[in-house]
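Summary of the model geometry
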Amino acid sequence: MNLRPLLIIPPIVLGVIGFRMMTQQDATQPPTPVESHLAVRVSEIVPHEISATAVGYGRAEPVRDWSAISEVQGRIVMLADGLAVGSFVDAGTILAEIDRTDYELSRQKSLANIAAAEAQLAELERQEANSRTSLEVEERILAVAQAEYDRIASLVGRGTSTQATLDSTQKVLLAQTNAVTKLENTLALYPSQRETLAATLAVRRAELAEAERSLEKATIRAPFRGRISAMNVEVNQFVRTGDSLLTMDDTSAVEITAEVQPSEFMPMITIALGDSFNADTVVDVTKAIEIFSEVGITAQVSMQIAGISAHWPAEIVRLRGTMDSETGTLGIVVRVKDPMVSQRQINRPPLNVGAFVTVTFSSQPHPNGLTVPRRALRYDDDGTPFIYVADEENRLDTLKIETGQVIGENVMVLGGLEGGEMLVLTDPRPPVIGMKLDLVPVDGDSPAEGE
């Protein structure tokens, strides 16, 4: 009997048994792996007051300056005591006097000319009065001569008088008529003579006013309280008309043209106008100062002096009106009143002209606002902003939000948040939604305070 075919059976059996052993599942289940936790820094999002600021820089300049320009010529005969660059003078102080001799002589000459013109005018009036009196007499004589001529003519007509007598009487009548005519012509000339003398008198009075004005110009007074910034004159120096004698700066206030990026002002306008501001809001920039005042935007000037930060309240007065061609900044002019008044109790020294200062513009706080740090803001593939938050089970989740203006390191949130959410500040890597988180609170009540 041939048993060779049966020799193949044991290897087959062994193969089947090995396959079953390899594919048979172990009845003992492996232990469930422990879920890993990711430690992240978080901050609770709570409503808080939002106040935007914008910072600009500039130099303090006098609110106005004044230059004493000589309006008359002459020798300087007096300067105020102690007058020098840097000295302070009060309003009305006599700063300098120019020799008044020539102008006083012109004044006296003008007075004499006026007196002469007034005397001529009085003489003319007297002559006119005399002429009118003489005319009345001559007219009466003319009436008598006319009556005598008429009488002789009547006698000649009746043949009781001669023609020679009539001719003689007529000659007397014509002579008297001529005398009356001359007086009438003389009286007719008086109005024009009076006008001529009146014009001459007006000229003389104008010369007097000019001389007196020159006398006034010879005395130079300070128009306001200020500090001398330039001196170009000395005693006994001869000055000509148009020469600059000195320059002084007004110390009642200083102005600073703060250079500010326009983009920094938009958050303040947004917060100040609140819910009334939207993309369709129209702002008249010609009334910018009125708008700033209405919405409560304020300014403060500060400067570091010897390690001490000094502050001055400032008033926003105007816009420069042009953009800087190099930096693209907008010039906003603020004014500080009484810059030379020092207050020791608040560590505020005088604010001198030329000082480089910082100007901080601030809006009124907007209550119950929501913000998130800019570093915590993410964007999906569609460009929609979102943030990572920890849900009630401390698991990673996302919230889509509607963002507003950027305020410093924070972004205003206009929608998508109600407050109380736990904002994840740490960037989870990888960001697996639903992963377990270990929360590490950051100091501060608001995410606006940062990490």
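Our subject is the structure that appears above.
Residues numbered from 1 in each chain as written. Predicted model: local features only at pLDDT ≥ 70, side-chain atom pairs only at ≥ 80, totals over all residues. Heavy atoms only, no water.

**Regarding the packing of aromatic side chains**
Any pair of aromatic rings gets described here by the distance separating the centres and the angle formed by the planes. Note the threshold: The pairing test for Phe, Tyr and Trp rings, Trp by its six-membered ring, is centres within 6.5 Å, and the orientation test on the planes gives stacked under 30 degrees, edge-to-face over 60, and tilted for anything in between. Helix and strand definitions follow DSSP, with helices as H or I runs of at least four residues and strands as E runs of at least two, each counted in order from the N terminus. Under the scheme applied here, a residue whose accessible area is under 20% of the maximum for its type counts as buried, over 50% as exposed, and between as partly exposed, the area being computed with a 1.4 Å probe on protein chains only.
The final tally for this structure, using the stated rule, is 2 aromatic pairs. Pairing Tyr 57 with Phe 356 gives two aromatic rings, centres 6.1 Å apart and planes at 0 degrees, and the pair type is stacked. Residue Tyr 57 is located in strand E3 (residues 53-62), and its partner Phe 356 is located in strand E16 (residues 356-362); the two are separated by 299 residues in the primary sequence. Of the residues examined, Tyr 57 reaches a relative accessible area of 42% and is grouped as partly exposed. Using a relative accessible area of 47% as the deciding quantity, one classes Phe 356 as partly exposed.

**Some remarks on the pattern of salt bridges**
Put simply, the test is: Take a side-chain nitrogen of Lys or Arg and a carboxyl oxygen of Asp or Glu: if they are within 4 Å of each other, that pair is a salt bridge.
Summed over all chains, the structure comprises 16 salt bridges. One salt bridge connects Glu 207 with Arg 204, and the closest N-O pair in it is separated by 3.3 Å. Linking Glu 207 with Arg 204, this pair stays in helix H3 (residues 163-217), spanning 3 residues, or about one helical turn. Sharing partners across several salt bridges, the network here consists of Glu 104, Arg 107 and Glu 212.

**Some points on the nonpolar core**
The condition that has to hold: Side-chain atoms within 4.5 Å are what join buried Ala, Val, Leu, Ile, Met, Phe, Trp, Tyr and Cys residues into a set we call a nonpolar core. Contacts are assigned to residue pairs that have any heavy atoms within 4.5 Å of one another.
Formed by 32 residues in total, the largest nonpolar core has its most connected members in Ile 256, Val 301, Val 334, Leu 351, Val 359 and Phe 361. Of all the secondary-structure elements, those providing two or more residues to this core are E3, strand E12 (253-260), helix H4 (265-273), helix H5 (288-295), strand E13 (298-305), strand E14 (308-323), strand E15 (330-337) and E16. Each residue touching Leu 351, except ones within four places of it in the same chain, is listed here: Ala 60, Val 254, Val 301, Met 303, Trp 312, Val 336, Pro 339, Met 340 and Val 357. If you look at the next biggest cluster of nonpolar residues, it comprises 22 residues, including Ile 76, Val 239, Leu 246 and Met 248.

**Here we look at the pairing of E13**
Stated formally: At least two DSSP bridges between two strands are required for those strands to pair.
With 5 bridges connecting them, E13 and E16 associate as antiparallel partners. Bridge pairing in E16 links Ala 299 to Phe 361. As judged from the 7 bridges shared by E13 and E14, these two strands associate in the antiparallel manner. For Ala 299, the partnering residue across the bridge sits in E14 and is Ala 314.

**So, the sheet that holds E3**
Quick reminder of the rule: Axes, fitted as lines to C-alpha atoms, cover a helix only where it is in contact. Angles between the N-to-C directions of the axes lie from 0 to 180 degrees.
Pairing in this closed barrel of 6 strands is antiparallel, and the strands run E3-E12-E15-E14-E13-E16 around the ring. Going from strand to strand, the sheet's axes swing by 40 degrees on average, the running direction of each strand aside.

**Concerning unusual backbone geometry**
Positive phi, normally seen in glycine, also occurs at Asn 236, with a value near 75 degrees. Along the chain, Asn 236 falls in the loop between strand E9 (226-231) and strand E10 (238-239). Using a relative accessible area of 52% as the deciding quantity, one classes Asn 236 as exposed. One non-glycine residue, Asp 338, lies in positive phi territory at about 50 degrees. Along the polypeptide, Asp 338 turns up in the loop between E15 and E16. According to the relative accessible area criterion, Asp 338 is partly exposed, its value standing at 44%.

**Here we look at the environment of Gly 416**
By the element assignment, Gly 416 lies in the loop between strand E23 (410-415) and strand E24 (422-424). By relative accessible area, which is 47% here, Gly 416 ends up partly exposed. When the C-alpha atoms of Gly 416 and Glu 402 are compared, they prove to be 6.2 Å apart, with 14 residues separating the residues in sequence. Setting aside anything within four residues of it in sequence, one finds Gly 416 in contact with Leu 399, Lys 400 and Ile 401.

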